[in-house]
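Inside the fold
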Amino acid sequence: MSGLLAGKRLLVTGVITDQSIAFSAAKLAQENGATVVLTGFGRLSLVERIAKRLPEPAPVIEVDVTNTEHLASLADRVREHVDGLDGLVHSIGFAPQSCLGGGFLDAPWEDVATALHVSTYSYKSLAMAALPLMSRGGSIVGLTFDATKAWPVYDWMGVAKAGLESASRYLAMHLGPKGIRSNLVAAGPLRTMAAKSIPGFERFETAWTERSPLGWDLNDQEPAARACLALLSDWFPATTGEIVHVDGGYHALGSES
Ligand SMILES: NC(=O)c1ccc[n+]([C@@H]2O[C@H](COP(=O)([O-])OP(=O)(O)OC[C@H]3O[C@@H](n4cnc5c(N)ncnc54)[C@H](O)[C@@H]3O)[C@@H](O)[C@H]2O)c1
């Protein structure tokens, strides 16, 4: 077997459509030699249908990251398909509508708690659920949207992503001694189901397409997926707690306004 991920066994979360960043990651991973197991949330039959569009049909196991039973049984259910894991892709985010689109000052704690549970805490809980299957050289990768700044309309999702970025650094600290890395990819805006649920998301689209030094294709998930695969590969063996920007270079620029 050849390719960047030859022989790697990966658990990829977050496929819901073929626009999902996770779908691109799973597809490219298979094309580069990996064996992929997917997790699906909620609409399992939909995820199973999408999984059939991959180069190799991939098994789908059900994981709601807020369900402790799903997490407790994850390792055994993954073992039905592969004998261990070399990598984990966390490509999960959700915030109730009140938390997005300018509602920052009014969103109730219950909704904010949901956003943080699904989008931030789950990075740690999913990693711990997969840990029994992982050994030295293992790699965990998540997706963020640059949380060093406050963005219009992103609101509590921005806070959740800031927490995710911190959680990844703590995971890097705690899992480093086991030889397991934790890194994030900070993607620019992409037209996925999650993005479309953010009222006012088009403001990001205009900013990115007009200002990114390299230009930015809102419909191309592949650059973000490729970065995930690079971080899952053996080519970043001494990198952990890192955030790699895949945003056309937007983050590097200042603004005059
Ligand atoms: N699309 C963008 O512009 C963009 C930019 C930067 C980062 N991201 C991040 O990329 C990741 C993937 O999102 P996407 O844009 O591919 O959208 P997507 O809608 O395709 O994927 C989001 C996934 O989260 C899953 N999910 C939601 N609640 C869950 C739960 N309780 N348990 C398990 N899974 C759950 C959904 O089923 C879905 O598969 C997210 O973390 C998102 O914040 C997206």
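For the structure, see preceding data.
Just so it is clear, the structure is predicted and the values come from calculations on it, not from any experiment.

Some points on helix H9 (residues 222-232)
Those residues of H9 not exposed but buried are Ala-224, Ala-225, Ala-227, Cys-228, Leu-229, Leu-231 and Leu-232. Contacts from the buried residues of H9 go to strand E1 (9-12), helix H1 (21-31), strand E4 (85-90), strand E5 (134-144), strand E6 (181-187) and strand E7 (243-246).

Details of the sheet that holds strand E3 (residues 60-62)
Pairing is parallel across the open sheet formed by seven strands, whose spatial order is E3-E2-E1-E4-E5-E6-E7. The strands lining the two open edges of the sheet, one partner per strand, are E3 and E7. Neighbour-to-neighbour, the strand axes of this sheet turn through a mean angle of 20°, independent of strand direction. In this structure, E1 lies alongside strand E2 (residues 35-40), joined through four bridges in parallel fashion. Within E2, the residue paired with Arg-9 across the bridge is Thr-35. Taken strand by strand, H1 contacts E1, E2 and E5, and its axis lies near 160° from that of E2. Lying over the sheet, helix H2 (residues 44-51) contacts E2 and E3, oriented at roughly 160° with respect to E3.

Overview of helix H6 (residues 155-175)
Spanning 21 residues, H6 covers 30 Å between terminal C-alpha atoms, matching the ideal 30 Å at 1.5 Å per step. Within the sequence span of H6, burial applies to Asp-155, Trp-156, Met-157, Gly-158, Ala-160, Lys-161, Leu-164, Glu-165, Ser-168, Leu-171, Ala-172 and Leu-175. Tucked into the core, H6 has its buried residues touching helix H5 (109-130), E5, E6 and E7.

Remarks on the packing of aromatic side chains
This model, assessed by the stated rule, comprises twelve aromatic pairs. Ring centres of Phe-145 and Trp-208 lie 5.5 Å apart, and the angle between their planes is 40°; on these two criteria the pair is classed as tilted. Of this pair, Phe-145 sits in the loop between E5 and H6 while Trp-208 sits in helix H8 (residues 202-211); the two residues are 63 residues apart in sequence, bridging distant segments of the chain. Both residues of the pair, Phe-145 and Trp-208, belong to the buried class. Here the aromatic cluster, defined as three or more aromatic residues joined through ring pairs, consists of Phe-145, Trp-151, Tyr-154, Phe-201, Phe-204, Trp-208 and Tyr-250.

Section: the nonpolar core
Counting 57 residues, the largest nonpolar core has Val-12, Leu-38, Val-185 and Phe-204 as the members making the most contacts within it. When sequence neighbours within four positions are dropped, the list of residues in contact with Val-12 reads Ala-22, Ala-26, Val-36, Val-37, Leu-38, Thr-39 and Val-89. If you look at the next biggest cluster of nonpolar residues, it comprises 30 residues, including Ile-61, Val-63, Ala-129 and Leu-184.

Details of the site of the ligand
The environment of the ligand is made up of 27 residues, and the closest members are Gly-14, Ser-20, Lys-161, Leu-190 and Thr-192. In this structure, Val-65 approaches the ligand through a main-chain N or O atom, which is 3.0 Å from a nitrogen atom. Compared with its free state, where it exposes 820 Å², the ligand has 93% of that area covered by protein. Looking at the shell around the ligand, the elements that each hand over two or more residues are E5 and helix H7 (193-196). If you tally residues by element for the shell around the ligand, the top one is H7, at three residues. Per-class residue counts for the shell around the ligand are 18 nonpolar, seven polar and two charged.

Some words on the pairing of E4
Among the six residues that make up E4, six are buried, leaving the element largely enclosed by the rest of the structure. Strand direction decides the pairing type here: E1 and E4, joined by three bridges, are parallel. Looking across to E4, one finds that Leu-11 is bridged to Leu-88. With five bridges joining them, E4 and E5 adopt parallel strand pairing. Looking at the pairing, Leu-85 lines up with Met-134 of E5.

Reading guide: rules and limits
- Residues numbered from 1 in each chain as written.
- Predicted model: local features only at pLDDT ≥ 70, side-chain atom pairs only at ≥ 80, totals over all residues.
- Heavy atoms only, no water.
- Buried < 20%, exposed > 50% of the residue type's maximum accessible area, 1.4 Å probe, protein only.
- Helix = DSSP H or I, 4+ residues; strand = E, 2+ residues; numbered from the N terminus.
- Contact = heavy atoms within 4.5 Å.
- Pairing = 2+ DSSP bridges.
- Axes fitted to C-alpha atoms, helices over the stretch in contact; angles between N-to-C directions.
- Expected span 1.5 Å × (residues − 1).
- Phe/Tyr/Trp six-rings, centres within 6.5 Å; stacked < 30°, edge-to-face > 60°.
- Core = buried A, V, L, I, M, F, W, Y, C linked by side-chain atoms within 4.5 Å.
- Near = heavy atom within 4 Å.
- Polar contact = N/O pair within 3.5 Å; in protein donor to acceptor, adjacent residues only side chain to side chain.
- Areas by Shrake-Rupley, 256 points an atom, 1.4 Å probe, with all protein chains shown as cover.
- Nonpolar A, V, L, I, M, F, W, Y, C, P; charged D, E, K, R; others polar.

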